[in-house]
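Summary of structural features
Residue-level listing of the chains:
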Amino acid sequence: AYIHLHKNNNIPQNEEGIMATNTADRSGGPPQKRIRVPSHPYEAGSASDPLILEEERMLAQAIANSRKDQGREPITAIPFGPTFYPSVEEFSGDPLIYLEKIRSVAEKYGICKIVPPKGWNPPFALNVDCPKRFQTKDQSIHRLQEGISFGDGTDYTVKEYQKMSTDWSKEWRNKYYSAPDKLNQGEHKPPNPESLQNVTSEKQTLASRPSSTVKLSNESPGEEKLGEKTQNPKMTPENLERDYWDIVETQCHEIDVDYGNDVDTSEWGSGFPISDRGRSVTSPNFQAGPPNEDLPEPSFGTDEYYKETYWNLNNIPNSKNSVLRHLKVGINGINVPWLYFGCLFSTFCWHNEDNYMYSINYHHKGAPKQWYGVPGTKQDADGVERVFKSYLSMKMRDVPDLLHHITTSFSPRLLDGEGVRVCKLLQNSGEFIVTFPRAFHGGFSLGPNCGEAVNFALYDWIPHAVDANERYRTFARPSVFSHDRLVYTIAHHVNELRTKE
């Protein structure tokens, strides 16, 4: 079967949106513009070149092998990463202090999920009626293992993209599922406690704390087993995950989708409201020095709280405990968030963050996202690169920074089979995903959604930044900002460093 999303710039607007309208004015000086490093198409050599022919033969054999279902381990064998449940008290404070508290557990998985406490309900500040269009990338899902670059997709307004992605999900559901979908398309709903188990061994100490909990799930309830035939299969996250990897690994369908990634919030506006205290780079009254912390923090759940809390992604890079507050200028995607508009099977391919920084992703609205993560240890990070090189050796010889192009995806089963530790998490609306320094991560959307992400850095990140700089030098990749200058600036503010309690 061949399925291609027909693109039309004159898509009518959809009144039944997944996104609520709330126009928010954005002002202030524009941050430094930044885009992803362009991924140039792989230029094949002569058809008679024996090295090129061998590369093509090996790739064709790898794809053929992946089509053999008998040897494919069920995707449910991939373990879940940790989920944390902070209290209202913890969520009223600085998220970086909370992350320091959970880091010893969470960083062993590379990624973790944070579920806000009951009462968390920030306003969706994005102007979805804006007539401007954002660019998208045309992703060939069935060719993600090949490392080819993405072409340009159609430009959309928010409502046009919403209608396209909603229609695409309905098309897939109507074709392959006879029962209504069970995806969380709207408000945040906490997971079923019965499907979660407390963390054992060293995690028990953290899990037993009355004010904060962390849990790991070892099951995917409700999945239709591979090979199991049912008369009324349901469109569940588990079944869509199976569909996705069938497409990627076996090319059973040819699927192209448009992914609205890296949308500039300094131009489009954030999904979060903007601080009145100058805590965001995009605030009109952004201060070059530390924001005024003398004022009491707003109460949890109030309108002022959602503007000023450092859980607001506009604010977190400029927390007094954040290294990035010393940058002084806005850099898109680093200390100024990017928006992400996803649709069914749109993919964020395997990568780690620029300069090996932390990242935090918030799911504003829509269908869940399936995440995968690898710990940021040298052994595991090298393992990911080893797998890429074993399947795309010739291409990585010509494009050594292929992983930074974020155009390639391999199944976590493949990484697991090569001895690389990998976990997964399902992110629903209203939930955060945090990635740790050097941790490779990737995933895909299960339907129409809108998310937002930004980088931040604790002081433990500095040694990782040194490693990133040395790594970048090996293939002449520029850093997004001067690490040496940042450390020099930090040294002049050493009296402001918080000592561990």
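Before going into details, it helps to say that this report is about the structure given with it.

Points about the packing of aromatic side chains
- Taken as a whole and assessed by the stated rule, the structure comprises 30 aromatic pairs.
- With 5.8 Å between their ring centres and 65° between their planes, W168 and W172 make a pair best called edge-to-face. Note that W168 and W172 are positioned in helix α4 (residues 158-176) at a spacing of four residues, about one turn of the helix.
- Owing to a relative accessible area of 2%, W168 belongs among the buried residues under this scheme.
- Overall, W172 belongs to the buried group, its relative accessible area being 2%.
- With centroids separated by 6.4 Å and ring planes inclined at 75°, the aromatic side chains of W168 and F345 adopt a geometry described as edge-to-face. With W168 in helix α4 and F345 in the loop between β9 (338-342) and β10 (347-351), the pair connects residues that are 177 residues apart, well separated along the chain.
- Look at F345 and you get buried, because its relative accessible area is 0%.
- Sitting over the face of the ring of W268, K132 holds its NZ or CZ atom 5.5 Å from the ring centroid.

Brief notes about the nonpolar core
- Among the nonpolar cores identified, the biggest contains 50 residues, and I141, W172, F341 and F345 are the most heavily contacted of them.
- For this core, the elements supplying multiple residues, two or more each, are α4, α6 (237-250), β8 (254-264), β9, β10, α9 (378-391) and α11 (412-417).
- Listed in part, the 40 residues of the second largest apolar core include L96, I114, Y306 and I316.

Notes on the sheet that holds β10
- Ordered by their spatial adjacency, four strands build an open sheet running β10-β15-β12-β13, and the pairing between neighbours is antiparallel. Each edge of the open sheet is held by one strand with a lone partner, namely β10 and β13 (423-427). Neighbour to neighbour, the strand axes of the sheet diverge by 15° on average, direction disregarded.
- Here strand β12 (residues 369-373) pairs with β13 via five bridges, running antiparallel.

So, how was this worked out
- Residues numbered from 1 in each chain as written.
- Predicted model: local features only at pLDDT ≥ 70, side-chain atom pairs only at ≥ 80, totals over all residues.
- Heavy atoms only, no water.
- Phe/Tyr/Trp six-rings, centres within 6.5 Å; stacked < 30°, edge-to-face > 60°.
- Helix = DSSP H or I, 4+ residues; strand = E, 2+ residues; numbered from the N terminus.
- Buried < 20%, exposed > 50% of the residue type's maximum accessible area, 1.4 Å probe, protein only.
- Lys NZ or Arg CZ within 6 Å of the ring centre and 35° of its normal.
- Core = buried A, V, L, I, M, F, W, Y, C linked by side-chain atoms within 4.5 Å.
- Pairing = 2+ DSSP bridges.
- Axes fitted to C-alpha atoms, helices over the stretch in contact; angles between N-to-C directions.

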